[in-house]
Amino acid sequence: MEKDSDILLKYRAITNKLKKRFLKKPNVAEGSEQFASLAKSLKNQECPQYAGFCCLAQARCEHTLSNAAGEAQALTDAARAFLEAELMDRELRVPGFQENLTSSINCYSHAIRVHIENKQIALAASLCLEVGNVLRKVNKPGEAIAHYQRAAELQSQSALDCLDALNMVAKCKMDTKDFEGALAVLTEMAYLAHERGGSSTTGKPIGAYCDILAKCEITRVLLLLLLQPTPQRIRPEHAQTLEKYTWESCDSVTEMYLGEDLYLLLQSVVMACQSLDLESLRALQKELWPLFDCEQNQLLHFVIQELAHPSGEGL
């Protein structure tokens, strides 16, 4: 591994070549290539923070050259390098103020702005998702929400991509115990899936939209059972959701995308909660465990906890 002083000397040597001199125009393209080469060398030497600074210098060169694609890519490389440095520090338990993480998010944000300015909306949205994933990975789900929401807004013309981003918003809200917020997002997702995913002949949801509706339906029911809204506070659409699972009801569309067995099991869960039958609910939990995803199993666990030790205010 090179010494810090040697790295600094190489960086300064490239920078000096780019300074304006009398009657001599600097070769910015060559400078960009040299910064990229130095960044690659530093990455191989496991010096991601220094590599990140070189990528930033490369991005400035590409901006000078009016190469928006090159600038955005260099900024993205810088963001990933700073993130790698942050994760290394965390693994080694190095004390600090998360400056590498801050640098990474700033570089991502700049790259997203460059993509949007150049009408590269899909690339901007993918980076928004990447930032959200980064923040979730470092246990900052609350901060990730805004980036996932922006990804959903940028992908509003592509229903499935928008729904994927909104699903991450709902996950983050559940991570932060904002169950009412998660319920609102899942309700929005269900409306969007019904609106955009219907068959042109029958109007009923098809394909991937059925899976999304099934996930939204199960999670919304569990959230309502956990939150226990009073008749005065419950929204009409949420009341209608629970009404589908009373014994005398049968919603054929919901049963279609859930499947008959899962629909009946969910109906049993609702009735067990309403009758405060803790023993039946625990028996149902064993049957539902392999059918639910991680978040849904966690919610059902919270529902059982709340039933066993009522707080009067949900969880």
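Remember, predicted model here, so these are calculated numbers, not experimental data. (Residues numbered from 1 in each chain as written. Predicted model: local features only at pLDDT ≥ 70, side-chain atom pairs only at ≥ 80, totals over all residues. Heavy atoms only, no water.)

1. A look at the overall build of the chain
Along its length, the chain carries 15 helices and zero strands. Taken against the 2.2 N^0.38 rule, which gives 20 Å for 315 residues, the C-alpha radius of gyration of the chain at 26 Å runs more than 25% over that of a compact globule. With respect to the principal axes defined by its C-alpha atoms, the chain has extents near 90 × 50 × 35 Å. If you average the places of the 33 positive and of the 41 negative side-chain charges in the chain, the two averages end up 12 Å apart. (Helix = DSSP H or I, 4+ residues; strand = E, 2+ residues; numbered from the N terminus. Rg over C-alpha atoms; globule rule 2.2 N^0.38 Å. Lys, Arg positive; Asp, Glu negative; His and termini not counted. Charge placed at Lys NZ, Arg CZ, Asp CG, Glu CD.)

2. Structural notes on the pattern of salt bridges
This model, assessed by the stated rule, comprises 11 salt bridges. The residue Glu143 makes a salt bridge to Lys140 at a minimum N-O spacing of 4.0 Å. Overall, the relative accessible area of 47% leaves Glu143 in the partly exposed class. Residue Lys171 pairs with Glu295 through a salt bridge whose shortest N-O separation is 2.9 Å. Of this pair, Lys171 sits in helix α8 (residues 159-175) while Glu295 sits in helix α15 (residues 294-308), and the two are 124 residues apart along the sequence. The pair Lys171 / Glu295 is uniform in exposure class, with both members buried. The structure contains a network of salt bridges with shared partners spanning Glu217, Arg220 and Lys244. (Salt bridge = Lys/Arg side-chain N within 4 Å of Asp/Glu carboxyl O. Buried < 20%, exposed > 50% of the residue type's maximum accessible area, 1.4 Å probe, protein only.)

3. Notes on the nonpolar core
Counting 95 residues, the largest nonpolar core has Leu258 and Leu281 as the members making the most contacts within it. Per-element tally for this core: the top contributor is helix α10 (residues 208-227), with 13 residues. The contacts of Leu258, once residues within four sequence positions are left out, are Ala214, Glu217, Ile218, Tyr245, Tyr263 and Leu266. (Core = buried A, V, L, I, M, F, W, Y, C linked by side-chain atoms within 4.5 Å. Contact = heavy atoms within 4.5 Å.)

4. Details of unusual backbone geometry
The phi dihedral of Glu46 is positive, around 60 degrees, even though this residue is not glycine. With respect to the helices, strands and loops of the structure, Glu46 is situated in the loop between α2 (28-44) and α3 (48-64). Owing to a relative accessible area of 54%, Glu46 belongs among the exposed residues under this scheme. Non-glycine residue Asn139 carries a positive phi angle of around 65 degrees. Assignment of secondary structure puts Asn139 in the loop between α6 (121-137) and α7 (141-154). Residue Asn139 is classed as exposed on the basis of its relative accessible area of 65%.

5. Concerning the environment of Glu143
Turning to its location among the elements, Glu143 is positioned in helix α7. Put simply, Glu143 and Leu299 are 156 residues apart on the chain and 22 Å apart in space, counted from C-alpha to C-alpha.

6. Section: the packing of aromatic side chains
Under the defined criterion, the tally for this structure stands at four aromatic pairs. Note on Phe53 and Phe82: the rings are 5.2 Å apart at their centroids and 80 degrees apart in plane angle, and the pair reads as edge-to-face. Residue Phe53 is found in helix α3, and its partner Phe82 is found in helix α4 (residues 68-91); the two are separated by 29 residues along the sequence. Taking the relative accessible area as the measure of exposure, Phe53 reaches 39% and is therefore partly exposed. (Phe/Tyr/Trp six-rings, centres within 6.5 Å; stacked < 30°, edge-to-face > 60°.)

7. Re the environment of Glu243
By the secondary structure assignment, Glu243 is in helix α11 (residues 236-243). Judged by its relative accessible area of 48%, Glu243 falls in the partly exposed class.

8. Quick notes on the confidence of the model for the chain
Confidence along the chain averages 91 in pLDDT terms, with 93% of residues attaining 70 or more. Ranking the elements of the chain by mean pLDDT puts helix α12 (residues 252-258) last with 80 and α7 first with 98. (pLDDT = per-residue confidence, 0-100.)

9. Things to note about α15
The terminal C-alpha atoms of α15 lie 21 Å apart, and with 15 residues this matches the ideal 21 Å at 1.5 Å per residue to within 8%. Among all positions of α15, only Glu295, Gln296, Asn297, Leu299, Leu300, Phe302, Val303, Ile304, Glu306 and Leu307 are buried. Sitting at the amino-terminal end of α15 is Asp293, which places a side-chain oxygen 3.2 Å from the backbone nitrogen of Glu295. (Expected span 1.5 Å × (residues − 1). Polar contact = N/O pair within 3.5 Å; in protein donor to acceptor, adjacent residues only side chain to side chain.)

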